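Tertiary structure, described
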Amino acid sequence: MKKLVILVLFSLIGLTTMAQSLPINIGIHGGWNDAKIKAKEYKIDSHGGYMIGAFARINLGSIYLEPALNFAHKESKINDEIGSIGKFKYSSIDIPVMVGYNILKLPIFKLRGFAGPVASFVTKDLKSDFNTDKMMWNGKIGAGVDVWKVTFDIDYEFGLKKFGDGVKAPKSWNLTLGFKII
């Protein structure tokens, strides 16, 4: 066990040293989402959810590539003509790969725009009467600000196909706060 801990420590030190010499940032982020989902026979009102994950940003001058691995939970209320009949909740593992452009790049401040695909794998489909697909492709477009090691993003995510039988592709606004560890 001691050998494993020592190996992991030296690997982290090596990764940190390498990342400082290469244009790579690694960080964690979390945030809030507001999902809107439409179904044929029901009105589904948006309700807040959350996201937590990790990202890597590969800086290539003014352009960057940012893959991430996120856990997201989204929730909506289902209504019919009479009133509320339940909730539509689901959790997913999301893998976005954003291509971005640094619009303004100062020593401790960056303004950037980004877009790209998101592979979304539904892990839990709770309290839902709908048959939903377990894998979806989404698109994402947004803007972000970096101040030193803190990142703030706002983006719009939209489904590229129906979520399942009678359920249209979800759409959501996401606010994300992150911290670059390396």
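My aim in this report is to walk through the structure given alongside it, one point at a time. Here the residue index of a chain counts from 1 through its sequence in written order. Whole-chain, interface and lining totals are the exception, using all residues; otherwise, since this is a predicted model, local features are given only for residues with pLDDT of at least 70 and side-chain atom pairs are given and counted only at 80 or more. Side-chain metrics rest on all non-hydrogen atoms present in the structure, leaving aside hydrogens and water.

1. Topic: the packing of aromatic side chains
This is how the line gets drawn: Pairs were defined over the aromatic rings of Phe, Tyr and Trp, the Trp ring being its six-membered one, requiring ring centres within 6.5 Å. Orientation was assigned from the angle between planes: stacked under 30 degrees, edge-to-face over 60, tilted for the rest. Secondary structure elements are taken from DSSP: a helix is a run of H or I of four residues or more, a strand is a run of E of two residues or more, and numbering for both begins at the N terminus. Categorising residues by exposure relies on relative accessible area from a 1.4 Å probe, with only protein chains included: less than 20% of the type maximum marks a residue as buried, more than 50% marks it as exposed, and the intermediate range marks it as partly exposed. Definition used: whenever NZ (Lys) or CZ (Arg) falls within 6 Å of the ring centre and also within 35 degrees of the ring normal, the charge is taken to sit over that ring.
Per the counting criterion, the structure on display carries three aromatic pairs. For the ring pair Y156 and W173, a centre distance of 5.0 Å and an interplane angle of 50° mean the geometry is tilted. Taken together, the residues Y156 in strand β7 (residues 150-159) and W173 in strand β8 (residues 171-180) connect sequence positions 17 residues apart. Overall, Y156 belongs to the partly exposed group, its relative accessible area being 25%. Under the relative-accessibility criterion, W173 is labelled partly exposed at 44%. Ring pairs connect the aromatic residues Y156, F158 and W173, which therefore count as one cluster. Across from the ring centre of Y64, 5.1 Å away, lies the NZ or CZ of R57, which sits over that ring. For K149, the ring lying beneath its charged end belongs to W148, and the centroid distance is 5.9 Å.

2. With respect to the side chain of D153
Here is the rule: In protein, a polar contact requires one atom able to donate a hydrogen and another able to accept it; more generally it is a pair of N or O atoms within 3.5 Å, and residues adjacent in sequence count only if both atoms are side-chain atoms. Residue contacts follow a heavy-atom distance rule, with two residues in contact if any of their heavy atoms lie within 4.5 Å.
Tracing the chain through its elements places D153 in strand β7. One polar contact links D153 to R112, side chain to side chain, over a distance of 2.6 Å. When sequence neighbours within four positions are dropped, the list of residues in contact with D153 reads R112, F114, A143, G144, V145, N174, L175 and T176.

3. Quick look at the pattern of salt bridges
Counted only if it meets this: A pairing counts as a salt bridge when a side-chain nitrogen of Lys or Arg comes within 4 Å of a carboxyl oxygen of Asp or Glu.
For the structure on display, the rule yields seven salt bridges. A salt bridge links E66 to R57; the nearest nitrogen and oxygen atoms lie 2.6 Å apart. This pair shows no difference in class: E66 is buried, exactly as R57 is. Residue K180 is joined to D146 by a salt bridge in which the shortest nitrogen-to-oxygen separation is 3.4 Å. Separated by 34 residues along the polypeptide, K180 in strand β8 and D146 in strand β6 (residues 135-147) bring together distant segments of the chain. Among the residues examined, K180 registers a relative accessible area of 6% and is labelled buried. Judged by relative accessible area, D146 falls into the buried class, the value being 2%. One connected set of salt bridges, linked through shared partners, spans R57, E66, R112, D146, D153 and K180.

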